[in-house]
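Chains, contacts and geometry: an overview
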Amino acid sequence: MKFYLILFLTLTSGVIFSQTSNISGKITSEEDVPVLYANLTLQELSILIVSDSEGRFNFRSIPYGEYHITITHDGFLNKSMKINLTANDLALDIMLKKSLIETPTIDVTGSFTPIDISNSTFSVTSISARILSRIRGENIASTIQNIPGINNLSTGNSIGKPVIRGLTSQSVLVVKNGVKHESQQWGDEHAPEISLFDLDRIEILRGPASLMYGADGIGGVINIISKPLQFSSKKNPITYGNIDLNGYSMNSEGAGNLMLGLGTRSFGIKGFAGYRKGGNIKTPEGELMVNTPEGIATLTGGELFNSDNIEFEAGAEFGFKGKFGIINAQYQNFNRELQLHDDPSEDPNATPNQNILTNHFEATSTLYINKNIQLEPVLSYETQSRIEYESIEDKENDVRSLNLFLKSFIADIKLDHSLTKVINGAVGLSFETQTNQSTGEEKLIPNYNSNNFGVYLMEKMDRKFYSISLGGRFDTKNEYIKETVFETDEEGKPVTVISPNHLNFNSFSGSAGFVYKPNEDVDIFTNLGSGWRPPSEFDLYADGVHEGTGRYDIGLIVQDPALNPDPERSVNFDLGTRIRTKYVSAELSFYRNQVNNFIYPSPTGETDSASGLPIYDIRQASSSFTGYEYNIQVQPFEWTVLSFTGDYVRTKNEETQNSLPFTPPAKNIITVKFQKNNFGSLYNPYINFSTKIVSAQNDVDPLEGSSEGYTLLGTGLGFDFVLSRAIASVDFSVSNLGNLKYTDHLSRYRYYAMAPGRSYNLKFTIPFQF
């Protein structure tokens, strides 16, 4: 009762519009030299400004309260500062330390409010905008696949699903700016439909995230964070933008994006448009022997027929800030046409393809009631059309084998509060509703409506030598299955009909974490968290050919109509340590995730007589995921940095004592980078060399083929330069430098096609400001 009394008194003492102050200052290096064009982000309000040619900056008209400011500039250690803004304007002199070490300083994904990384009880990785410009791939999963604990479940180069600690699909949440994105994630070839351009960073949280985001996400969260709107610190508005150009020789792919923005002191707007077009994937010439469920197969290299893609994306965002806080609204459109390479031994001329169209609308705001209370409402509406055709001819004649149309609405309202100087947290409500229509020849999943409701509370205490977090949540989900005709006879009479049904699932989830900080450079963290995932409509009712996966899937209730399925429930334990100094950065974490009623597709060893495709049953069994990750960076010289990263996960089906399908093999990556501060008019010129060592995967499901280990070599070089009051960059890299013939254990092509060969990649990032 004392907690709620304090919260009520604090809330009722607030005013509708908070008072404001300014934050200004100068950024310098250790040699007292101005650091020009550094990025400064006010995390709580998502406001970005850039220091000028003298290193000066100014945040104007910011409501009273506590904030985290992050400062980033290539060639310097990232820095975050916690400030308390009161009646007087705040002047800051910020000093950045030169270093080639790349470390996160802030965590917004593992908590309801931004916190310093040293206070985070989760295993979190953050990829900055500059690193993203170097490593950006064709999709989100290929971009982050070398991060410890992360892998890529791929279907060619266009489709990639993130895998976190051996879990994927609906066990991994993909959110953008903290808002969940729904894109029929139950499908192996249903990738997140989110633009990779105009990003500030990507944060990856490993471990259950049900406390923050509700159902699903028992493996972790990929939080894609856009660059914030820019507001002018002067009377005149600012005009800014960015041009991104990417090229990949492996499939003759080109991609480009243009972003333009305008900001006044209180109003900001920006828009973007991007286009990507790739040809057929090229694999190394020659032959390769691989293991398949049927025995040894010989793969022949060369161009993979019918593996090209086209993508168009566009969007707009506007925001208004004032004494009340900030209000943002945005729209994004994502349109993809994908060709799926099929097994040439079955039909060398097969041309299955997909067309995916996603429209996403959202409105978010941070409203300052007073300096201790902030209200954060979120509204999101998304539609997605997913159409699959068995051939190009079917597409031309609009004969749709699969036609899904999903509508999702999400509402969340959260009250952030600071009860004392060391205790703060959040309490909130969330609601989500979905409607799906299946109208293709193959229904695969029924028509349905569903709704979720959740309520949550989390509190944190930050002290000098330790931090504690504790939170709980209750969620309930209702699934209303509609009558759906799955199959008809030659006369059009129903043969297979799904009857109406109502299913209800609910669960409590929570998280308790502790961080011990013996000094400012070291912290030891642990977290015990629970999560849950109700069976999806696909898990329950799948019954048919799925052209995208090349499988015939059979759901839980189709196998046993009397079944009363249980949701997945996980309990995850993490233990790790972080070390951050000017010349050494390291993180090591161990985990065990026990998932009861784990849902997974399992090959039956049988083939569907009509389609010739392998039959997979959706099954449930208690399963465990145990492993570790490490990330070590050492800077022995001013111009050299060495990095060692890797991970290992062991999965176990407790019922059969076998490994689970699609278990990632262990990987270890060694990278050496040489970089100078400047070379003439070029800033931060670098060259790097990398070796990726992937172990053989012999711990497989009995009906799954094992895979051989391999070693990939890579290299790259690049530099930055000043252009129109901003820092532009050029990056060139070569992946699979030795043109090695191999297959990836998590590639859905691995039984009939090699992985891509050598690729030359060129990327330009050109920001500008007037």
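All of the points below concern the structure found in this document. Only a predicted model underlies this, so the values are computations on that prediction, with no experimental measurement involved. (Residues numbered from 1 in each chain as written. Predicted model: local features only at pLDDT ≥ 70, side-chain atom pairs only at ≥ 80, totals over all residues. Heavy atoms only, no water.)

1. Brief notes about the sheet that holds strand β2 (residues 39–42)
To keep it simple, the criterion reads: Here, strands pair whenever DSSP counts at least two bridges between them. Numbered from the N terminus, helices here are DSSP runs of H or I no shorter than four residues, and strands are runs of E no shorter than two.
Taken in spatial order, the five strands make up an open sheet running β6-β5-β2-β3-β17, and their pairing is mixed. Each of the sheet's edge strands pairs with one partner strand only, and the pair in question is β6 (79–85) and β17 (229–230). As paired elements, strand β5 (residues 65–72) and β6 share seven bridges and run antiparallel to each other. The residue of β6 that forms the bridge with Ile69 is Met81.

2. A closer look at the sheet that holds strand β14 (residues 179–180)
Spatially, the five strands line up as an open sheet ordered β10-β15-β16-β13-β14, and their pairing is mixed. If you trace the sheet from one side to the other, it starts and ends with β10 (123–128) and β14, each paired once. Relative to strand β16 (residues 220–226), strand β15 (residues 199–206) is paired through seven bridges, and the arrangement is antiparallel. For Leu199, the partnering residue across the bridge sits in β16 and is Ser226.

3. With respect to the nonpolar core
To keep it simple, the criterion reads: In this description, a nonpolar core means a group of buried Ala, Val, Leu, Ile, Met, Phe, Trp, Tyr and Cys residues linked to one another through side-chain atoms lying within 4.5 Å. We call a residue buried when its accessible area falls under 20% of the maximum for its residue type, exposed when it is over 50%, and partly exposed in between, using a 1.4 Å probe and counting protein chains only. Here, two residues are considered to be in contact whenever any of their heavy atoms come within 4.5 Å of each other.
Ranked by size, the top nonpolar core spans 30 residues in total, and within it Ile23 and Phe59 carry the most contacts. Contributions of two or more residues to this core are made by β1 (20–29), β2, β3 (47–50), β4 (56–63), β5, β6, β7 (90–96) and β18 (238–248). Residues in contact with Phe59, not counting those within four places in the same chain, are Ser21, Asn22, Ile23, Leu40, Thr41, Leu42, Ile47, Ile49 and Ile69. With 22 residues, the next largest nonpolar core counts Ala215, Phe505, Phe538 and Ala542 among its residues.

4. A closer look at the pairing of strand β34 (residues 522–533)
Along a regular strand, successive side chains alternate from one face of the sheet to the other. In this structure, strand β33 (residues 501–519) lies alongside β34, joined through seven bridges in antiparallel fashion. Bridged to Asn519 within β34 is Val522. What sits between β33 and β34 in their antiparallel hairpin is a turn of two residues. The pairing of β34 with strand β37 (residues 568–580) spans twelve bridges and is classified as antiparallel. Counted as the bridge partner of Asn527 is Asp574 from β37.

5. Here we look at the pattern of salt bridges
Short version of the rule: Any carboxyl oxygen of Asp or Glu that lies within 4 Å of a side-chain nitrogen of Lys or Arg is treated as forming a salt bridge with it.
Under the definition given, this model contains 35 salt bridges. The partner of Arg276 in a salt bridge is Glu311, with the nearest N and O atoms 3.6 Å apart. Linking Arg276 in strand β20 (residues 267–278) with Glu311 in strand β23 (residues 309–322), this pair joins segments that are 35 residues apart in sequence. Of the two residues examined, Arg276 and Glu311, each falls in the buried class.

6. What to know about the side chain of Asn223
Heads up, the rule is: We define a polar contact as two N or O atoms separated by no more than 3.5 Å, with the added condition that, inside protein, one atom must be a possible hydrogen donor and the other a possible acceptor, whereas residues neighbouring each other in sequence contribute only through side-chain atom pairs.
Locating Asn223 in the fold gives a position in strand β16. Within the structure, the side chain of Asn223 is placed 3.5 Å from the backbone nitrogen of Asn177, a separation counted as a polar contact.

7. Focus on the environment of Ser659
As for its position among the elements, Ser659 is in the loop between β40 (640–653) and β41 (667–675). For Ser659, a relative accessible area of 14% translates into the label buried. With 36 residues separating them in the primary sequence, Ser659 and Ser623 have C-alpha atoms 9.0 Å apart. Dropping the residues within four chain positions of it, Ser659 is found in contact with Thr651, Asp699, Val700 and Asp701. Engagement of the side chain of Ser659 in a polar contact is seen with the backbone oxygen of Asp699, the distance being 3.3 Å.

8. Section: a nonpolar patch on the surface
The line we're drawing: Candidate patch residues must exceed 30% relative accessible area and have no salt bridge, after which like charges are joined if within 9 Å and Val, Leu, Ile, Met, Phe, Trp or Tyr side chains if within 5 Å. For accessible areas, the Shrake-Rupley method is used with a probe of radius 1.4 Å. Any residue's cover is judged against the shown protein chains and nothing else.
A cluster of nonpolar residues, Phe465, Ile468, Phe514, Tyr516, Ile524, Leu528, Val571, Phe573 and Leu575, forms a patch on the protein surface that exposes about 780 Å² of accessible area. Elements represented by at least two residues in the nonpolar patch include exactly β33, β34 and β37. Examining the composition of the nonpolar patch, we find that three residues originate from one element, β37, more than from any other. Take Ile468: it is sitting in strand β30 (residues 466–481).

9. Notes on the environment of Pro603
With respect to the helices and strands, the residue Pro603 is situated in strand β38 (residues 584–607). Placed 32 residues apart in sequence, Pro603 and Val571 show a C-alpha to C-alpha distance of 27 Å. Those residues in contact with Pro603 that sit more than four places away from it in its chain are Ile615, Tyr616, Asp701 and Leu703.

10. Let's talk about unusual backbone geometry
A positive phi is found at Asn306, a non-glycine position, where the angle reads about 60°. Its location among the elements puts Asn306 in the loop between β22 (295–300) and β23. What makes Asn306 buried here is its relative accessible area of 6%. You will see that Gln657, though not glycine, has its phi angle at about 70°, which is positive. Structurally, Gln657 can be placed in the loop between β40 and β41.

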